[in-house]
Amino acid sequence: MSYLVLSKVRPALAVLGFFSAVFFSPLIPLAVMILLAFRYAAWEVLVLGLFVDLLWFTPDSTGGLFGVLPLFTCIGIVLVWSLEPLRSEFLT
Amino acid sequence: MMSSYLRNERQATRRRLIVATVVVVLVVTVDLLSGGIVRGFVRTTTSVVWGIGSRAMSAVVSSGFFSTRHALQSENQLLKREVAQLQSRIAGLEKSEEENAQLRDLVGMIQGPVGVTAPIVSSTRSSPYGTFLVGAGKVDGVVEGSIVMAGSSERGFVIGEVSDVQEHLSLVTEIFAPAVEIEASINGAPIVLKGQGGGNARGDTPRAVTVDVGDSVVAPSLGGRLIGVVGAVSSDPTDVYQRVYVRIPANFSTLQFVYVVPRPQ
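Overview of the structure. Given the structure is predicted, the values throughout are model-derived calculations rather than measurements.

Looking now at the sheet that holds strand S3 (residues 147-150) of chain B. Read from one edge of the open sheet, six strands run S1-S12-S3-S4-S5-S2 (chain B), paired in antiparallel fashion. The sheet is open, and its two edges are formed by strand S1 (116-119) and strand S2 (131-134) of chain B, each paired on a single side. Taking each pair of neighbouring strands and ignoring which way they run, the sheet shows an average axis angle of 40°. Here S3(B) runs beside strand S12 (residues 257-261) of chain B; their pairing, made up of three bridges, is antiparallel. Counted as the bridge partner of Val148(B) is Val260(B) from S12(B). Its contacts with the sheet place helix H3 (residues 43-56) of chain A against S2 and strand S5 (170-174) of chain B, and it is angled at close to 60° to S2(B).

It is worth spelling out the packing of aromatic side chains at this point. We describe a pair of aromatic rings using the distance from one ring centre to the other and the angle between the two ring planes. Residues and elements named next belong to chain A. Counted according to the given criterion, the structure contains six aromatic pairs over all chains. Consider the rings of Phe-23 and Phe-24, whose centres lie 6.5 Å apart with planes at 50°: the pair is tilted. On the basis of relative accessibility, which here comes to 26%, the residue Phe-24 falls in the partly exposed class. Aromatic rings pair up to connect Phe-19, Phe-23 and Phe-24 into one cluster.

For an α-helix the count is 3.6 residues per turn, leaving residues at separations of three or four pointing the same way. Over its 30 residues, helix H1 (residues 4-33) of chain B extends 43 Å from the first C-alpha to the last, a length consistent with the 44 Å expected when each residue adds 1.5 Å. Of all the residues in H1(B), the buried ones are Thr13(B), Leu17(B), Ala20(B), Thr21(B), Val24(B), Val28(B) and Asp31(B). Buried positions along H1(B) lie against H3, helix H5 (71-82) and helix H6 (84-90) of chain A together with helix H2 (37-63) of chain B. Within two residues after H1(B), Gly35(B) carries a phi angle of roughly 75°, on the positive side.

Opposite the 33 residues of chain A that make contact, chain B presents 35 residues. Summing both partners gives a buried area of about 2,900 Å² for chain A against chain B, and 74% of it is carried by carbon and sulfur. When the buried area of chain A at its contact with chain B is split by residue, Phe23(A), Leu54(A) and Trp56(A) rank highest and sum to 26% of it. Summed over the shared surface of chain A and chain B, the result is one salt bridge. Where chain A touches chain B, the interface holds 13 residue pairs in polar contact (both at pLDDT 80 or more). Mapped by element, the contributors of at least two residues to the side of chain A that touches chain B are helix H1 (3-23), H3, H5 and H6 of chain A. Of all the elements, H3(A) adds the most residues to the side of chain A that touches chain B, at ten residues. Looking at the side of chain A that touches chain B residue by residue, the class counts come to 24 nonpolar, six polar and three charged.

Thresholds applied
- Residues numbered from 1 in each chain as written.
- Chains lettered and ligands numbered in written order.
- Predicted model: local features only at pLDDT ≥ 70, side-chain atom pairs only at ≥ 80, totals over all residues.
- Heavy atoms only, no water.
- Pairing = 2+ DSSP bridges.
- Helix = DSSP H or I, 4+ residues; strand = E, 2+ residues; numbered from the N terminus.
- Axes fitted to C-alpha atoms, helices over the stretch in contact; angles between N-to-C directions.
- Contact = heavy atoms within 4.5 Å.
- Phe/Tyr/Trp six-rings, centres within 6.5 Å; stacked < 30°, edge-to-face > 60°.
- Buried < 20%, exposed > 50% of the residue type's maximum accessible area, 1.4 Å probe, protein only.
- Expected span 1.5 Å × (residues − 1).
- Buried area = accessible area lost by both parts, 1.4 Å probe.
- Salt bridge = Lys/Arg side-chain N within 4 Å of Asp/Glu carboxyl O.
- Polar contact = N/O pair within 3.5 Å; in protein donor to acceptor, adjacent residues only side chain to side chain.
- Nonpolar A, V, L, I, M, F, W, Y, C, P; charged D, E, K, R; others polar.

Listed below in structure tokens is the structure:
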């Protein structure tokens, strides 16, 4: 695969993530976040997680821990930082 | 040995991630402290984008550009059958409505509370939290905790509850959102339903209680309003409980307007 194609994968995935957060199933942005975090040190993962939560989530103190935790933001942070050693070791 | 270019590149990447993480945490904090200003902006912008997208999508679909002749014929047949079924159901409903009106006159029931009709301005299947946006907010008199119904306040059914209100938009949490529990009643028997998302819920009730497919499910905490119908019942002879699967009596994706009414005291 050419460098040109490869260099467009990351922005294309990010756009797909944002688009599907508005129009399609929440599994698609989640899958996009996982794919991006595996392959790239992508800040887009964090922004996408934040975007999903700002759009769909409202903190609810009656719902316990699950009710006040912005799940996708937390997943984004965990994915980006937990996969960092793996990426440093194998992908650069 | 690692080249200095590679080392610098890694450090720069790490710095970018640290900055992004700090920014994300800051945005979440600012949003929480400001009472949802950032959320409001994101939702307003997204509802506009969704409106444009859904209009474009329906224009493409209704143009028939991607439909084959055979598919259109099948769809036509299907719609004709559906119309016939609906006509027969409407006839039955009109009769029930007439009877209900007479009964209401007899018992002198008070008319239901006045609410506002609001359009759905987001996808109803994109939220991981079982939420969606409606185009009515503070200026329309909507408050947190208001009940969201499909249909009218008289004959409709509850599909959600307002969980966040902006000036012109409200976020609605589905009545059967994932992990949400609601106390309900089927044929007078109490049952706790746990939401599964997509308008579905399930709960357990003693086997001694007679529950059939199609039975109405009401919520006493919502003024005894209809919240769903029994879709399936499964029981194990060795178990004292039977599992009841409940669904809302409509397809979320076909809903365009909802009715927002104050929560009963």
